[in-house]
Structures are given as structure tokens and as C-alpha cells.
Amino acid sequence: MSIALKQVFNKDKTFRPKRKFEPGTQRFELHKRAQASLNSGVDLRATVQLPHGEDLNDWVAVHVVDFFNRVNLIYGTVCDFCTEKTCPIMSGGPRYEYRWQDDCKFKKPTALPAPQYMNLLMDWIEVQINNEDIFPTSIGIPFPKNFIQICKKILCRLFRVFVHVYIHHFDRIILMGAEAHVNTCYKHFYYFGTEHNLLDRKELEPLKEMTSRICH
């Protein structure tokens, strides 16, 4: 990564504070292993496969938190240019509009400006990953039975951030010289999601052409 790019991605202009793993825990060791293989230059497809003898839920948990941190960082670099004026709806080009729905304020799918949608999305994910009943950090505490379903929803919503950034703000990414880094993050996300059947094919449609170009 170039020095200029390191400055862009290390100035803590994340949308949210990074969630870290506690040193000494199994998940911290898995996180280190995942990072080491990711930085070793090996095929990204190989890095996402479940290591022999490891628990799938642990492997998914580590990656979901890591993707949350990375996508936060990516959106943080363009959020100054993603305003209610530039992005009055949360979309991925003219064909795709994303509406927000949750169990609290927005009971029905609601059209929102992109920055408001992003805020709600990141808040919602942060609540999930900080909930010990969903992402337990203590040894011996089991994951909930619907853990994978929750992770699918988290990754689906994170994918929408990639869609919006690629389609509406990629000129800023290119200007910062961060294209290669963002593409690598996307490829890692895409390979992991498809390897473990965590991404709905329909959700992938907006970036289908770009994905076939960079994830060959």
C-alpha cells in the first residue's frame, strides 16, 4: 500500500470505532490467522475457506466483524461527499433503490437519503456485533441458532454500501489512489460471502458486471 494510501486509510476516519478481538481468545487467534493469510499474497479464494478443525460460526463471526470495520473505513473516506444533496436516495444507480426497515422506528421499508441510511445501517450492525447473545466473546457460550441468518442480513446490508460507493463515489476512491485497496476488500468480501452461501445472488446483481471483471 502506498504511503499516501496508508494516510487515507489510517487516519481513523472510520464511520464507527473499530471493533477489536480480545487477545488470547480463540477468535483473536482466528482473526490473526485470517489477516496473515490475507496479507501473504495467496489466492483470496483460498483464504476464505474454513480452516480444518475450526468452527464455522467462529470463522464467520471473525469475518463479519472484520468486514464491518473495513467497510466502515471505506465509507468513511467518501462520506464527506455523500450528502443529502448529492445522494437524496440510497441507491445503486437508477435501477436499484434501497429502503430502510428495522424493528424500531421504521416498521415499513422507507426511502431515505444515503447518509441517513448509512447511519442507521452502521448503528444496526454495531448493535448486533456488540450483543453478547448474538456474538458471544466468552469461551463456552454458544452462538444462537439463527446466527448464520443474522450474519446473512448483516453482509447483505454491508454489500449495499459497496454498491453505493462503487456506483456513486468511485471517482473519489480513484482520486485518492485507493482503487486497488477497495477492490481487494470487495473481492475478499465477495469470495467469503459466496464460499459460505451468505450472499443472496439477487443482491449481487447491481455489481454483477464489475464482479465478473475483477473476481475472475
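Residues numbered from 1 in each chain as written. Predicted model: local features only at pLDDT ≥ 70, side-chain atom pairs only at ≥ 80, totals over all residues. Heavy atoms only, no water.

**Student:** Would you mind going over the packing of aromatic side chains with me for this structure?
**Tutor:** Aromatic ring pairs are described here by two measures, namely the spacing of the ring centres and the angle between the planes. The full count for this structure, using the stated rule, is 14 aromatic pairs. Between F159 and Y186, the ring centres sit 6.1 Å apart and the planes meet at 45°, which makes this aromatic pair tilted. Taken together, the positions of F159 in helix α6 (residues 147-168) and Y186 in helix α8 (residues 179-195) put the pair 27 residues apart, joining distant regions of the chain. Of the two residues, F159 and Y186, neither departs from the other in class, the shared state being buried. (Phe/Tyr/Trp six-rings, centres within 6.5 Å; stacked < 30°, edge-to-face > 60°. Helix = DSSP H or I, 4+ residues; strand = E, 2+ residues; numbered from the N terminus. Buried < 20%, exposed > 50% of the residue type's maximum accessible area, 1.4 Å probe, protein only.)

**Student:** Explain the UniProt feature "binding site: Zn(2+)" (unreviewed entry) in the protein here, please?
**Tutor:** The residues that UniProt annotates with the feature "binding site: Zn(2+)" (unreviewed entry) are C82, C87, H164 and H169. Of the residues just listed, which span 88 residues, no C-alpha pair is farther apart than 10.0 Å, and they cluster in one region. By relative accessible area, C82 is classed as buried at 3%. Examined against the element boundaries, C87 turns out to sit in the loop between α4 (56-78) and α5 (114-129). (UniProt positions renumbered as here; feature names shortened; annotations may be inferred.)

**Student:** Would you mind going over the nonpolar core with me for this structure?
**Tutor:** Here is a general trend for soluble globular proteins: nonpolar side chains tend to be buried in one another's company. Among the nonpolar cores identified, the biggest contains 61 residues, and F135, I154, L158, Y166 and Y186 are the most heavily contacted of them. Sorting the residues of this core by element identifies α4, α5, α6, α7 (170-175), α8 and α10 (208-214) as the ones contributing at least two each. The greatest single-element share of this core, amounting to 12 residues, is contributed by α6. Ignoring any residue separated from it by four or fewer positions in sequence, one finds L158 in contact with F67, F68, V71, L121, I125 and F189. (Core = buried A, V, L, I, M, F, W, Y, C linked by side-chain atoms within 4.5 Å. Contact = heavy atoms within 4.5 Å.)

**Student:** Explain the state of the cysteines to me, please; I cannot follow it from the model alone.
**Tutor:** In protein structure, a disulfide is the covalent linkage between the sulfur atoms of two cysteines. A complete count under the given rule lists zero disulfides for this structure. Cysteine C82 shares no disulfide, and the gap to the nearest cysteine sulfur, in C87, comes to 3.8 Å. (Disulfide = S-S within 2.5 Å.)

**Student:** So what exactly am I meant to see when it comes to unusual backbone geometry here?
**Tutor:** Positive phi outside glycine occurs at N197, with the angle close to 55°. Within the element layout of this structure, N197 appears in the loop between α8 and α9 (201-204).

**Student:** Any chance you could explain the side chain of E203 here in plain terms?
**Tutor:** Mapped onto the secondary structure, E203 falls in helix α9. E203 sits in the buried class, given a relative accessible area of 18%. There is a polar contact of 2.8 Å between the side chain of E203 and the side chain of R160. Ignoring anything within four residues of it in the chain, the contact list for E203 reads Y98, C156, F159 and R160. (Polar contact = N/O pair within 3.5 Å; in protein donor to acceptor, adjacent residues only side chain to side chain.)

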